[in-house]
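An overview of the molecular structure
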Amino acid sequence: MNIRNYTIKELETILSDFELEKYRTKQLFIWLHKNVIGDIDKATNLSKRLRNTLKEKYDFSLPKIYKEYKSKIDDTKKYLILLNDGNIIESVLMKYSFGYSICISSQVGCNMGCSFCASTIGGMKRNLETYELLAQIYLIQQINNVKVSNIVIMGSGEPLLNFDNIVKFLNIINDENGQNIGMRNITLSTCGIVPKIEELKKLELPINLALSLHAPNDDIRKKIMPIANKYKLKDIFYAIEKYFECTNRRVTFEYCLIKDINDGKNNALELVKLLKNSFDSHVDYNVNLIPVNVVKENNYKRPSNDDIMEFKNVLDAHNIITTIRRELGKDISGSCGQLRASELI
Ligand code: SAH
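As a starting point, this report considers the structure included with it. The shown structure was predicted, so the numbers you read here are calculated from the model rather than taken from an experiment.

1. With respect to the pairing of strand β9 (residues 208-212)
A large share of β9 lies buried, amounting to 5 of its 5 residues. Going residue by residue along β9, you find N208, A210 and S212 tucked away on one face and L209 and L211 tucked away on the opposite face as well. Alignment of strand β8 (residues 186-190) against β9, held across 4 bridges, turns out to be parallel. In the sheet register, L188 faces β9, and the bridge partner there is L209. Bridge analysis of β9 against strand β10 (residues 251-257) gives 3 bridges, and the strand direction is parallel. Looking across to β10, one finds that L211 is bridged to F253.

Shown next as structure tokens:
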């Protein structure tokens, strides 16, 4: 078991066998998650006996950065990260006016099967462990010598289907003895796994939720997102409303604009109707339009800029807060839906 899979509470239980002072757990946690040491013997304020026992029982290793791609258009960088079992995942570092943001993957591949997305092409190999979620942040910060302010869980994978590890990740990354990144600066994107949204709500974490909506009705959604056969928009929206009432965090609806599939003016009007009819005015939400990014395995086309603006104008005219997502890292296949899993052969 990798030692970085444990929350501070769990480490406390592990160390309880040693009958140590309580602050020793905190010291260990700081070494692991703030200083991010690869070798426990660097933790010189812990006894040699403790270090040796931990070394025997736990794995202290981290994945490695395998390759870096730098965008020539903007400041985006994409990283291939080599996991200890030879799988490779992708993560993206983006620079904004407010600071740095990292987009992390939650699984090796994905099995949601959305027809426009590259992450799902080879299926899903496995969930990422907590330490592999964390390592994406730790390694990218280290190599760039920066501290990130925001995290988006929007890379490969469906985070709510790796629920327990994602929740542990959130707790550890938020811990004041580690990176201390605020929950409010973390956004989790889901294709809408209703029972998991309900479970997340119960934890009352103030993270931001984004729903991959991509269609103004269930029929169009089913054509591009197989998960729509399992969960109806009505039920997803109900779960989201309850989520909002609990966290009070604005919800984002992501809408990937695909030419001739969901980008017509009629689709925009139907989307307005859907949102207005589904949510009372107390629910704070916005729509984030994502012009579809190129994936070579499918034939989907990006709408023209005029069509994108026309779609946005319909939503604006009905007072729905609408933004168009910037397409960062396009030249390095680092944009939404372009991340993939691979393997070191
Ligand atoms: N599984 C999660 C998170 C990963 S995807 C989810 O479904 O939300 C992050 C976002 O990128 C989602 O909104 C996804 O639908 C979108 N996306 C996928 N492929 C895309 C593409 N080719 N162009 C633009 N956005 C895409």
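2. Some thoughts on the packing of aromatic side chains
In this description, an aromatic ring pair is defined by two values, namely the gap between the centres and the angle between the planes. Following the criterion strictly, the structure yields 8 aromatic pairs and no others. On the basis of an interplanar angle of 35 degrees and a centroid distance of 5.6 Å, the ring pair of F253 and F279 is categorised as tilted. Of this pair, F253 sits in strand β10 while F279 sits in the loop between α9 (265-278) and β11 (285-291), placing them 26 residues apart in sequence. Residue class for F253 comes out buried when judged on its relative accessible area of 1%. Pairwise contacts between aromatic rings join F237, F253, F279 and Y285 into one cluster. It is K78 that lies over the ring of Y69; its NZ or CZ is 5.4 Å from the centre. Positioned over the ring face of F163 is K196, at 5.1 Å from the centre of the ring.

The rules behind these values
Residues numbered from 1 in each chain as written. Predicted model: local features only at pLDDT ≥ 70, side-chain atom pairs only at ≥ 80, totals over all residues. Heavy atoms only, no water. Buried < 20%, exposed > 50% of the residue type's maximum accessible area, 1.4 Å probe, protein only. Helix = DSSP H or I, 4+ residues; strand = E, 2+ residues; numbered from the N terminus. Pairing = 2+ DSSP bridges. Phe/Tyr/Trp six-rings, centres within 6.5 Å; stacked < 30°, edge-to-face > 60°. Lys NZ or Arg CZ within 6 Å of the ring centre and 35° of its normal.

On their own, these measurements won't tell you what the molecule is for.
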